[in-house]
Amino acid sequence: MRELTLLQPDDWHLHLRDGPALASVVHDAAKRFARAIIMPNLTPPVTTVEAARAYRDRIFDALTASSSQPRFEPLMTLYLTDNTPAEEIRKAKASRFVHAVKLYPAGATTHSDAGVTDIAKCMPAIEAMQETGLPLLVHGEVTDPSVDVFDREAAYIEQTLRPLVQRLPELKLSMEHITTRQAVDFVSTARENVVATITAQHLLYNRNALFQGGVRPHYYCLPILKREEHRQALVQAATSGNPKFFLGTDSAPHETATKETACGCAGCYTAYAGIELYAEAFDAVVALDRLEGFASRFGPAFYGLPVNETRITLVDNAWRAPLEQPFGAGRITPLRAGEMHAWRLQT
Ligand code: DOR
Ligand code: ZN
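What this report covers is the structure whose coordinates are included nearby. All figures in this text were calculated on a predicted structure; none of them were measured in a lab. (Residues numbered from 1 in each chain as written. Chains lettered and ligands numbered in written order. Predicted model: local features only at pLDDT ≥ 70, side-chain atom pairs only at ≥ 80, totals over all residues. Heavy atoms only, no water.)

Brief notes about the pairing of strand S4 (residues 73–79)
In the case of a regular strand, side chains alternate between the two sheet surfaces.
Move 1: Taken across its seven residues, S4 has six buried, putting it largely inside the fold.
Move 2: Relative to S4, strand S3 (residues 35–38) runs parallel, the two sharing four bridges. Residue Ile38 lies in a different strand from S4, and its bridge partner there is Met76.
Move 3: Relative to strand S5 (residues 98–103), S4 runs parallel, the two sharing four bridges. When the sheet's bridge partners are listed, Leu78 is paired in S5 with Val101. (Buried < 20%, exposed > 50% of the residue type's maximum accessible area, 1.4 Å probe, protein only. Helix = DSSP H or I, 4+ residues; strand = E, 2+ residues; numbered from the N terminus. Pairing = 2+ DSSP bridges.)

Digging into the sheet that holds strand S10 (residues 311–315)
Move 1: Across the sheet, which stays open at both edges, the three strands sit in the order S1-S10-S15 with antiparallel pairing between neighbours. Strand pairing shows two members of the sheet lacking a second neighbour, strand S1 (3–7) and strand S15 (344–346), which therefore form its edges. Between one strand axis and the next, the sheet turns through 35° on average, direction left out of account.
Move 2: Pairing between S1 and S10: five bridges, direction antiparallel. Residue pairing in the sheet places Thr5 in a bridge with Thr313 of S10. (Axes fitted to C-alpha atoms, helices over the stretch in contact; angles between N-to-C directions.)

Some details on the sheet that holds S3
Move 1: Spatially, S2-S3-S4-S5-S6-S7-S8-S9 is the arrangement adopted by the eight strands of the open sheet, whose pairing is parallel. Two strands bound the open sheet, and with one partner strand each, they are strand S2 (11–14) and strand S9 (245–247). Taking each pair of neighbouring strands and ignoring which way they run, the sheet shows an average axis angle of 30°.
Move 2: One ladder, built from two bridges, connects S2 with S3; its direction is parallel. The residue bridging Leu14 from the neighbouring strand is Ile38, located in S3.
Move 3: Strands in contact with helix H5 (residues 152–167) are S5, strand S6 (136–138), strand S7 (173–175) and strand S8 (194–198); relative to S7, the strand with the most contacts, it is inclined by about 175°. (Contact = heavy atoms within 4.5 Å.)

What about helix H4 (residues 123–132)?
Move 1: Residues of H4 that are buried include every one of Met123, Ala125, Ile126, Ala128, Met129 and Thr132, and no others.
Move 2: Directly after H4, the chain includes Gly133, whose backbone phi takes a positive value near 80°.

Concerning unusual backbone geometry
Move 1: The linkage connecting Thr43 with the following residue, Pro44, adopts the cis geometry, with an omega of -5°.
Move 2: Tracing the backbone shows Pro44 in the loop between S3 and helix H2 (49–64).
Move 3: The amide bond that connects Leu222 to the next residue, Pro223, takes the cis arrangement and shows omega of -5°.
Move 4: Note on placement: Pro223 falls in the loop between helix H7 (200–204) and helix H8 (228–238).
Move 5: Even without being a glycine, Arg96 presents a positive backbone phi close to 70°.
Move 6: In this structure, Asp250 is a non-glycine residue whose phi angle is positive, near 55°.
Move 7: Here Asp250 is to be found in the loop between S9 and helix H9 (256–259).

Examining the coordination of the zinc ion (ligand 2)
Move 1: Note on the zinc ion (ligand 2): its protein donors are His13 (NE2), His15 (NE2) and Asp250 (OD). The metal-donor distances range over 2.0 to 2.1 Å.
Move 2: Sequence spacing of the donor residues for the zinc ion (ligand 2), all on one chain, is H-x1-H-x234-D. Placement of the pair is His15 in the loop between S2 and helix H1 (19–32) and Asp250 in the loop between S9 and H9, with a sequence separation of 235 residues. (Donors = N, O, S within 2.8 Å, 3.2 Å for Na, K, Ca; no water.)

What to know about the site of ligand 1
Move 1: Around ligand 1, the surrounding shell holds 13 residues, and the nearest of these are Arg17, Asn41, Thr109, Leu222 and His254.
Move 2: Take Thr109: an N or O atom from its side chain is 3.1 Å from an oxygen atom of ligand 1.
Move 3: Contact distances for ligand 1 include 3.0 Å between a nitrogen atom and a backbone N or O atom of Ala266.
Move 4: If ligand 1 stood free it would expose 290 Å²; the protein chains cover 100% of that surface.
Move 5: Of the residues in the shell around ligand 1, the class split is four nonpolar, seven polar and two charged. (Near = heavy atom within 4 Å. Polar contact = N/O pair within 3.5 Å; in protein donor to acceptor, adjacent residues only side chain to side chain. Areas by Shrake-Rupley, 256 points an atom, 1.4 Å probe, with all protein chains shown as cover. Nonpolar A, V, L, I, M, F, W, Y, C, P; charged D, E, K, R; others polar.)

So, in structure tokens, the structure goes:
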């Protein structure tokens, strides 16, 4: 059996939800990751430092409700709106527990209705981010319904991100959950303060997974899975050792019933195997020696945080994913439900 020991990883993009759902999923992440950037797309969204503080307290409460929990630090984010004042950005930076601000183009994805309708309206806030060094995390897709859903990321780069980084060259910017060769190229050739997170599902699957023998709603997330050539570009970037690319699961649980329906929600639940899936993707291209940089070192460097001192060990001892698991009063169906995982976390 092969064994792989890594500095403990962090998840730089995680949805924990709220209330009983939060209590159901937070342990999966906390068993694997020391810290996570917590997405603010609740209803209502987390738009202020005070709301972020209250949400952070609820996450701690959910963690301590189960006594045997390891230490886990939620790194909070604010949800950017057309009206976020520059002053709130300065408050966020001063709080020391808000580590970034998330930009959702209005209507791009789950709970993005309160998002940004026009980036021009946010310039005072984004200028304050450049000034204070608080990173801007971007869901990089245009929302114009006439643009093909598979082209929305590439279009957003040209319409919004390229002009933005030109105008604010010192802005710390992370393009979240990139899915295309165009995004890899944009980030690779930008200045060093422009980075990207990559999910496990985008490293392991192409868009065929959505239609394997029928419609597969649990493989539907946004940005949507792309063609094989894009998956290969992402694998190349993730395993290149380039510190601009690092781990963000985008684990995004939705109740089974809200995905298996006529108009299903976007989001893949991956936190239950949040590091194991990446080990499989790196192993597939004989690059396990690059996993520690991607999972444990490059994220902290971008966020100006120390790397973790603890370690985790993975073994290549296959196990079967559950068909479902509890999610508040309901159930969630994880990505790869009922199928095998190659790597197992040793506890
Ligand atoms: O698939 C997704 N699910 N993409 C997102 O951007 C949001 C997320 C969610 O919150 O469910
Ligand atoms: Zn997300």
